[in-house]
Amino acid sequence: MSFCKEQLTRVKPLWDRMLAHRFLIETRDGRISDERFAVWMRQDYLFVEAAIPFIAAMIPRAPRRHWEPLAGVLGALEKELKLFEERAAAVGVTLHGAPPSFTNHAYIQFLLATAYRATYAEAFTVLYAAERAYHDSWAVVKRGIDTGSKWYPFVENWAGDAFAQYVAYLEGELDGLAAEVGAAERARMAEYFELTTKYEIAFWEMAASGEGWPGGGMREDDK
Ligand code: MP5
């Protein structure tokens, strides 16, 4: 079995929990409040911004064949930020100025630490797991959301065909990287896969709950 299939099978209970998260189901069914969705928008905007230095830090360590695809990801991330800005302006959400939530802060630090300190194959594992998680999560939303919903452009962004092809490309490349490394590194890649899945669950939970910071204060939706 390929590395990715093996990992997706291994973490399936977690993956299923992620896909059943109430944030996704409520968004699919048109029951999510605008305030909750705005929490996700503000936080994910910060996350996507942080994904730019994450990818950029991977490029010098990447095999030559990955330079152009990773440079393409940087362009796609900038386009994604514009999608957030366009939707925020269209629906009257203030996108800028919110601090990262505790979970988002941790996930961003994890991304950057991985890009700089882990091996390239480990960082690529995090990239694949995060992208695959978003593709599968928004595919859940797509199976039921009204196509006229003001949130539909986000659904198309991650659950659409272009993103599906990108995720399939990442999967093939990650399987190739996993086949080249030794058993110890492959075991660490598996740990990164699982950890990323947990961060993804935590991210939906953060958006659904409007999570505060330990010690009190700074609840996103109290702003
Ligand atoms: C992605 C995202 C997908 N936007 N947010 C989280 C919490 N996880 C994954 O990444 P991208 O770079 O927006 O495609």
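Here the structure is a predicted model, which is why all the values come from computation and not from measurement. (Residues numbered from 1 in each chain as written. Predicted model: local features only at pLDDT ≥ 70, side-chain atom pairs only at ≥ 80, totals over all residues. Heavy atoms only, no water.)

J.: Explain the packing of aromatic side chains here, please?
T.: The description of an aromatic ring pair uses the distance of the two centres, along with the angle that the planes make with each other. In the structure shown here, the tally under the stated rule is 30 aromatic pairs. A centroid spacing of 5.9 Å and a plane angle of 20° characterise the contact between Phe-23 and Phe-37, whose relative ring orientation is stacked. Linking Phe-23 in helix α3 (residues 22-28) with Phe-37 in helix α4 (residues 34-58), this pair joins segments that are 14 residues apart in sequence. Overall, the relative accessible area of 1% leaves Phe-23 in the buried class. (Phe/Tyr/Trp six-rings, centres within 6.5 Å; stacked < 30°, edge-to-face > 60°. Helix = DSSP H or I, 4+ residues; strand = E, 2+ residues; numbered from the N terminus. Buried < 20%, exposed > 50% of the residue type's maximum accessible area, 1.4 Å probe, protein only.)

J.: Would you take a moment to explain the pattern of salt bridges for this structure?
T.: A side chain of one charge can pair with a side chain of the opposite charge if their charged atoms are brought near each other. Applying the stated criterion across every chain, the model contains 14 salt bridges. In this structure, Arg-22 and Glu-205 form a salt bridge, with 3.2 Å as the shortest nitrogen-oxygen distance. Taken together, the residues Arg-22 in helix α3 and Glu-205 in helix α10 (residues 183-209) connect sequence positions 183 residues apart. Two residues, Asp-136 and Arg-132, come together in a salt bridge whose shortest N-O distance is 3.1 Å. With Asp-136 and Arg-132 both in helix α7 (residues 120-142) and four residues apart, the pair spans about one turn of that helix. Taking the relative accessible area as the measure of exposure, Arg-132 reaches 18% and is therefore buried. (Salt bridge = Lys/Arg side-chain N within 4 Å of Asp/Glu carboxyl O.)

J.: Teacher, can you tell me more about the packing of helix α6 (residues 102-117) against α10 here?
T.: Two numbers describe a pair of packed helices, the interaxial angle and the distance between the axes. Packing of α6 against α10 brings their axes to within 9 Å, and their N-to-C directions diverge by 155°. By the criterion of interaxial angle, the relationship of α6 to α10 is roughly antiparallel. When the axes of α6 and α10 are compared, the crossing they make is left-handed. Between α6, through Thr-103, Asn-104, Ala-106, Tyr-107, Phe-110 and Thr-114, and α10, the contact on the second element is made entirely by Tyr-192, Leu-195, Thr-196, Tyr-199, Glu-200, Ala-202, Phe-203 and Met-206. Of the residues that constitute the contact of α6 with α10, the class distribution is nine nonpolar, four polar and one charged. (Axes fitted to C-alpha atoms, helices over the stretch in contact; angles between N-to-C directions. Parallel < 35°, antiparallel > 145°, perpendicular 65-115°, else oblique. Left-handed = near helix turned anticlockwise from the far one by under 90°. Contact = heavy atoms within 4.5 Å. Nonpolar A, V, L, I, M, F, W, Y, C, P; charged D, E, K, R; others polar.)

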